[in-house]
Amino acid sequence: MTHYVLVGNGVASTAAIEAIRENDEEGDLSVVSKENHLAYSKPLISYLLGGEVEEEKMLYQDKEFYEENDVDLYLDIKTESVDPEQKTVSLDNGEAVDFDKLLVATGGSPMVPPVEGSDLNGVFTFTEWDDVRAMKEYMDEQNVENIVVVGGGLIGLKTTEALLELGKNVVVVELADRIMASTFDKKASDLLLPVLEKESCKVITEDTVVKILGEDGVQGAELKGGGSLDCGMVVFAIGVIPNTEILKGTDVDVDDGILVDKNMQTTDPDIYAAGDVVEIPDMIAGERRPIAIWPNARRQGDIAGENMSGGSEEYEGSFAMNSVGVCDVPTISVGLTDPDEEGYEILEKTDEENTVYKKLVLENNTLVGTIFVNDIERAGIYTGLVKRGIDVSDFKNRLLDEDFGLIDLPKSYREELMAGEGMKL
């Protein structure tokens, strides 16, 4: 009888549980998680902080899921290390759990730069449910009104949006020359700055926090460019680092993330990995890198679970996709959005009065990137074109028309969509 051990209890892990049980109803299945929660939706934590979602709505799997799938669940327990030769995982409670097949789905940890004062009360990161509880408790106890968010990327903007919902005054400090620098161009960023400013949010770009001021708690933040900001709380939201530590000292290949093949298998045939902790092929950039988004993690977990339990399925790769609301202005960005080299064709449409921006990036008549601000109704169609590498030359002049839709697509591709093919992103 096979013993499956899954380290991590996020969407990759729960997808793997379902896939394993499809193939193997008898094998032992254990899940170890450092968090003290059943599987919950991490994309919802900003809405939980902002008061738009109640705690009881956070879970997407309840106790019955684990019971029905006969899962031994270890919560609030950290995995310290893996011994591939002995096939054991060592836990911080002193236990060692044997495995036949192991899935590493440990996600990522928030980056905190070595800033003086980062250990003060009132300094937070924002990637987990417990971060929400800690931040709310601190804001209430200390009557915090002014907050500095370090980082203007996806996590930073989601944090900012939630804090603005609570009526806080927020200053976003971003090292790059624009917010969402990895997926927005300067035009999209500049279009959204007035939206943030209307909601008591100031954005400072090309600068960073070098010191956090205070004694018992946060009282301010000193900027590299000079001057300081008065604040009662600082949130570091500058990205995450794949949690690969449990494989340290093993022969499993690790770069920025864990290296896996198309089966989500590591260089050890009995160890698999999925989710934010892995490096995967970027279909647009042509390189391997971590792409930390929810749909990827679920798909990878499903494939890992399938292959751990005797199946055979391959992961086709992915590309960057981000969807974030900026003070009720929805945005979606996909793939390569701001190329700095020649060889790309750019199609744009801007309506500043209504905060609308559409940008399409093409290479050899193939769509490789998009930005949509405030008009995202047909974004899924364009994302499908990026994923499938469809030649758009026959309908390129229609791409930015208001009524562009499925009818404009090649007949063969429309038939694929109607048959349900090509829709897994």
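Residues numbered from 1 in each chain as written. Predicted model: local features only at pLDDT ≥ 70, side-chain atom pairs only at ≥ 80, totals over all residues. Heavy atoms only, no water.

Enquirer: Is there a simple way to explain the nonpolar core in this structure?
Expert: Soluble globular proteins tend to pack their nonpolar side chains together in the buried interior. Core analysis: the largest hydrophobic core is formed by 69 residues, its most contacted members being Leu-6, Leu-102, Leu-103, Leu-360, Leu-385 and Leu-399. If we skip the residues at most four places from it in the chain, Leu-360 touches Glu-345, Ile-346, Leu-347, Leu-367, Gly-369, Thr-370, Phe-372, Tyr-382, Leu-399 and Leu-400. Core analysis: the next-biggest nonpolar cluster, separate from the first, contains 43 residues, Ala-162, Val-235, Val-329 and Ile-371 among them. (Core = buried A, V, L, I, M, F, W, Y, C linked by side-chain atoms within 4.5 Å. Buried < 20%, exposed > 50% of the residue type's maximum accessible area, 1.4 Å probe, protein only. Contact = heavy atoms within 4.5 Å.)

Enquirer: Explain the sheet that holds strand β5 (residues 88-91) here, please?
Expert: Through backbone hydrogen bonds, the strands of a sheet pair up, either in parallel or in antiparallel fashion. Spatially, β4-β5-β6 is the arrangement adopted by the three strands of the open sheet, whose pairing is antiparallel. The sheet is open, and its two edges are formed by β4 (79-83) and β6 (96-98), each paired on a single side. Averaged over all neighbouring strand pairs, the angle between strand axes comes to 20°, with direction disregarded. Judged from the three bridges that link them, β5 and β6 form a sheet pairing that is antiparallel. Across the sheet, Val-89 pairs through a bridge with Val-97, a residue of β6. (Pairing = 2+ DSSP bridges. Helix = DSSP H or I, 4+ residues; strand = E, 2+ residues; numbered from the N terminus. Axes fitted to C-alpha atoms, helices over the stretch in contact; angles between N-to-C directions.)

Enquirer: Can you walk me through the pattern of salt bridges in this structure?
Expert: What the rule picks out here adds up to 27 salt bridges. A salt bridge links Arg-289 to Asp-282, with the nearest nitrogen and oxygen atoms 2.8 Å apart. For Asp-282, a relative accessible area of 6% translates into the label buried. What you see here is one network of salt bridges that share partners, running through Asp-177, Arg-178, Asp-185, Asp-338 and Lys-359. (Salt bridge = Lys/Arg side-chain N within 4 Å of Asp/Glu carboxyl O.)

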